[in-house]
Amino acid sequence: MDRKINFLDTSLRSNYKKHITNKNFDVLIIGGGITGAGICLDAASRGLSVCLIEMNDFASGTSSKSTKLIHGGLRYLEQFKFRLVHETGSERAILHNLAPHIVKPEKMLLPIVKNGKLNKFSTRAALLVYDYLANVKGKDRNKILTKSQILNKEPLLKNNNLLGGAVYSEYRTDDSRLTIDLIKKSIDYGACPINYIKGEEFTYCGKGSINGIKCSDQLSDNLININSKVIINASGSWTDEVLKGRSKKLVLSKGIHIVVSRKKFNINQSLYFDAIDSRMIFAIPRGDTVYIGTTDTKFEHGKDKLHVLESEVEYLIESVKNTFSISMDKKDIISSWVGLRPLVKDGNKKVTEISRKDEIFISEKGLITIAGGKLTGYRKMAQRAVDFAIRSLKIRKIKSKTKSINLFTYDEDFCRKKFYDNGISDKKFKRLYNIYGDGCLKILEIYNQEKISDNFIIAEYLYVRRNEMCHTLLDFFTQRNSGVYFEIDQIKRYVKILENYIRKNNSVSKDKWEKEKLSLQQYISKLTTFI
Ligand code: FAD
């Protein structure tokens, strides 16, 4: 790609589309979730010419609706999935090195209760195996705690059933930011990712194999053709729709999370605890909120029927009340999200029993489909998918390089100093750094250039429009900064500030702005309406 032009700038979309339609790519990827984004960076950094199409916003599918953990999956030990635990467990430290601003170590507290899923013996055994398989060393190894030690750490735990506990190491992340950071990095290697382009129909060469895809532009209704020697289908829970075959490859499992204020549920750290059935769930503090999840139930409806149900909310609330000495009910929920796990079908197994491992299928016409897997394993999944693509291209094997491709240039101390030198508070710096990593430096530049006083939200909004292909207000407050989930009480104020700026500068037409505001409002009301 011509590196002098910043195609991540939304105002250059029509030039960018022309650029894409004039090329014949080595690899085209359908789907801009974590799987597609990982493949895009892996393929581009191996020197292949790559295009990625996403029918909505990047990361708007499952890759913004997870529990946001980069984890080895303690619960997969139950299913004896040792290879999966080893692979995902080992990936955690690698991803932390590549993106320390967004993959951060997190101590997880695990209470052991009478008649719980794990007893003292099984906890100790499981965590020992877990640490061994996931290569956990030194002070990060798990520790078993007495009842008084765990109560000391987490006084809100109910005392009567508690036997003791454990603390073990996980990593937390921000799923949609990780996806977007990968997309942005792939552009440094010449890739051409684009959002709001839907793959509709494959095109075929004389010999019958796939050589491109007809697409529709979701922002203008235009149709475009993109040519590519190889196509990889990384469309997550849409896999069967893209394959259009009669036999389905996937089973979808629904998972919800609810968000409450930290004032309501003031835990000191993340916890993994027994739900009211035989499952375990997480409670994870983030900013002034705590999110709780998840559920795991088979989903057999159309995706337009994907809502949070009252019964699911009640299940999570009852599980919290069962373990902690607090009161909580539906009116305490300030936000929520719901996602679908794309699981590869395995006979008649229940969704809770199906392995989270990924699989690759190749169709007769040469379409490569990668399905299943987890956020945590995205890098390895990408490696495998690109190895297949290279075989299909019949070119010399080039090794994956992503183990050493950092997703940042400037570290936290460097960025903090820049904010400090500009007289900006550490609180404001931290908020921006935690979301955008070293992207906060560009936000600071815009803030200074535009002489914006008081609030960074305008600079942040301009930054994502110019540097992250962010087309709508809703995409800004969801995939870009997760405001609707973790800063819901600030959104009205933020929108007001943005509206004043946009009116003054005539930068978005009134009609478009009103439409964007409406779809944001509708989305927000869905987050607290349970059916
Ligand atoms: P998606 O993110 O859904 O991306 C697929 C994309 O393809 C979508 O954006 C879609 O719009 C696009 N698309 C579809 N059809 C087309 C088309 N025709 N043209 C163009 N684009 C198209 N994993 C972890 O490692 N840690 C966790 O803590 C964790 N928690 C989870 C909790 C829940 C509740 C759920 C549901 C999953 C969780 N996972 C977790 C799993 C993880 O989130 C998923 O495995 C991962 O996000 C799937 O990514 P994906 O890119 O395959 O799918």
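The structure we're discussing is the one just above.
Just so you know, these numbers come straight off a predicted model, no measurement behind them.

So, how was this worked out
Residues numbered from 1 in each chain as written. Predicted model: local features only at pLDDT ≥ 70, side-chain atom pairs only at ≥ 80, totals over all residues. Heavy atoms only, no water. Helix = DSSP H or I, 4+ residues; strand = E, 2+ residues; numbered from the N terminus. Rg over C-alpha atoms; globule rule 2.2 N^0.38 Å. Buried < 20%, exposed > 50% of the residue type's maximum accessible area, 1.4 Å probe, protein only. Contact = heavy atoms within 4.5 Å. Areas by Shrake-Rupley, 256 points an atom, 1.4 Å probe, with all protein chains shown as cover. Lys, Arg positive; Asp, Glu negative; His and termini not counted. Charge placed at Lys NZ, Arg CZ, Asp CG, Glu CD. 1 Å grid on protein atoms, 1.4 Å probe; cavity = no way out; pocket = protein on both sides within 12 Å on 5 of 7 lines; lining within 4 Å. Points joined across faces, edges and corners; volume = space filled by probe spheres on them. Core = buried A, V, L, I, M, F, W, Y, C linked by side-chain atoms within 4.5 Å. Axes fitted to C-alpha atoms, helices over the stretch in contact; angles between N-to-C directions. Parallel < 35°, antiparallel > 145°, perpendicular 65-115°, else oblique. Nonpolar A, V, L, I, M, F, W, Y, C, P; charged D, E, K, R; others polar. Pairing = 2+ DSSP bridges. Phe/Tyr/Trp six-rings, centres within 6.5 Å; stacked < 30°, edge-to-face > 60°. Lys NZ or Arg CZ within 6 Å of the ring centre and 35° of its normal. Patch = residues over 30% accessible without salt bridge, like charges linked within 9 Å, V, L, I, M, F, W, Y side chains within 5 Å. Salt bridge = Lys/Arg side-chain N within 4 Å of Asp/Glu carboxyl O. Near = heavy atom within 4 Å. Polar contact = N/O pair within 3.5 Å; in protein donor to acceptor, adjacent residues only side chain to side chain. Expected span 1.5 Å × (residues − 1). Bend = angle between axes of the 7 residues up to and from the residue.

(A) Representation of the overall build of the protein chain within the structure. Each helix and strand counted, the protein chain has 17 helices and 18 strands in total. Here the C-alpha radius of gyration of the protein chain, 23 Å, is about what a compact globule of 531 residues would show, namely 24 Å. In terms of overall dimensions, the protein chain has C-alpha extents of about 70 × 55 × 45 Å along its principal axes. Burial statistics for the protein chain: of 531 residues in total, 57% are counted as buried. Put simply, 70% of the contacts in the protein chain that link residues at least 6 apart link residues at least 24 apart. Total accessible area on the protein chain is roughly 23,900 Å²; 50% of this is exposed by carbon and sulfur atoms. In the protein chain, 90 positive and 60 negative side-chain charges are present, and the distance between their average locations comes to 3 Å.

(B) Here's a closer look at empty space enclosed by the protein. Evaluated as defined, the whole model comprises 1 cavity of 30 Å³ or more. Empty space within the largest cavity amounts to approximately 50 Å³. Around the largest cavity, the lining residues are Gly 38, Leu 41, Leu 98, Leu 182, Tyr 378, Arg 379, Ala 382, Thr 402, Ile 405 and Leu 407. When residues of the lining of the largest cavity are traced back to their parent elements, those giving at least two are α2 (34-45) and α9 (378-393).

(C) Looking closely at the nonpolar core. Formed by 66 residues in total, the largest nonpolar core has its most connected members in Ile 39, Ile 53, Ile 213, Ile 226 and Ile 232. Top contributing element to this core by residue count: α9, with 8 residues. Setting aside chain neighbours within four positions, we find Ile 226 in contact with Ile 20, Phe 25, Leu 28, Cys 51, Ile 53, Asn 211, Gly 212, Ile 213 and Cys 215.

(D) Seen up close, the packing of helix α13 (residues 457-467) against helix α16 (residues 491-505). Look at α13 against α16: their axes get within 9 Å of each other, and the N-to-C directions meet at 70°. If you check the angle between α13 and α16, you find them roughly perpendicular. Only Tyr 494, Ile 497, Leu 498, Tyr 501 and Ile 502 of α16 make contact with α13, whose side of the interface consists of Ile 457, Ile 458, Tyr 461 and Leu 462. For the contact of α13 with α16, a count of residues per class yields 9 nonpolar, no polar and no charged.

(E) Region of interest: the pairing of strand β13 (residues 280-286). Of all 7 residues in β13, 7 are buried; the element is thus mostly enclosed. Because side chains alternate across β13, one face comprises the buried residues Met 280, Phe 282, Ile 284 and Arg 286, and the other comprises Ile 281, Ala 283 and Pro 285, equally buried. Across 4 bridges, the pairing between strand β12 (residues 270-274) and β13 is antiparallel. Bridged to Asp 274 within β13 is Met 280. Connecting β12 to the next strand, β13, in antiparallel fashion are 5 residues. In the sheet, β13 pairs with strand β14 (residues 289-293) via 5 bridges, with the strands oriented antiparallel. Each residue of the ladder has a partner; that of Pro 285, found in β14, is Val 290.

(F) Looking closely at the packing of aromatic side chains. Scanning all chains against the criterion turns up 19 aromatic pairs. Relative to Tyr 485, the ring of Trp 337 has its centre 5.3 Å away and its plane inclined at 65°; by these criteria the two rings are edge-to-face. Placement of Trp 337 in strand β16 (residues 333-344) and of Tyr 485 in helix α15 (residues 483-486) is noted, with a sequence separation of 148 residues between them. Among the residues examined, Trp 337 registers a relative accessible area of 2% and is labelled buried. Look at Tyr 485 and you get buried, because its relative accessible area is 1%. Consider the rings of Tyr 447 and Phe 456, whose centres lie 3.9 Å apart with planes at 15°: the pair is stacked. An aromatic cluster of three or more residues is present, and its members are Phe 419, Phe 429, Tyr 433, Tyr 447 and Phe 456. Between the NZ or CZ atom of Lys 68 and the centre of the ring of Trp 337, over which it lies, the distance is 4.7 Å.

(G) Layout of the environment of Lys 23. Mapped onto the fold, Lys 23 is located in the loop between α1 (13-21) and β1 (24-30). Exposure remark for Lys 23: the relative accessible area of 26% places this residue in the partly exposed category.

(H) Structural detail: a nonpolar patch on the surface. A cluster of nonpolar residues, Phe 80, Phe 82 and Val 129, forms a patch on the protein surface that exposes about 310 Å² of accessible area. By the secondary structure assignment, Val 129 is in helix α4 (residues 120-133).

(I) Structural context of the site of the ligand. Near the ligand there are 36 residues, and of these Thr 35, Glu 54, Ser 63, Leu 69 and Thr 376 occur at the shortest range. For the ligand, an oxygen atom lies 3.2 Å from a polar atom in the backbone of Gly 373. Residue Leu 375 places a main-chain N or O atom 3.2 Å away from an oxygen atom belonging to the ligand. For the ligand, the protein covers 97% of the area, taking 1,000 Å² as the surface of the free molecule. Of all the elements in the fold, those that place two or more residues in the shell around the ligand are α2, β2 (50-54), β8 (197-204), β11 (250-261) and β16.

(J) Quick peek at the side chain of Glu 499. Mapped onto the elements, Glu 499 comes out in helix α16. Of the polar contacts made by the side chain of Glu 499, one reaches the side chain of Trp 513; its length is 2.6 Å. In this structure Glu 499 touches Trp 513, Glu 514 and Lys 517, once residues within four positions along its chain are discounted.

(K) Expanded view of helix α3 (residues 82-98). Along its 17 residues, α3 runs 25 Å from first to last C-alpha, staying within 8% of the 24 Å computed at 1.5 Å per residue. Arg 92 marks the point of greatest bend in α3, at about 25°. All of the buried residues in α3 are Leu 84, Val 85, Glu 87, Thr 88, Gly 89, Ser 90, Glu 91, Arg 92, Ile 94, Leu 95 and Leu 98. Buried positions along α3 lie against β3 (69-70), α4, β6 (162-172) and α9.

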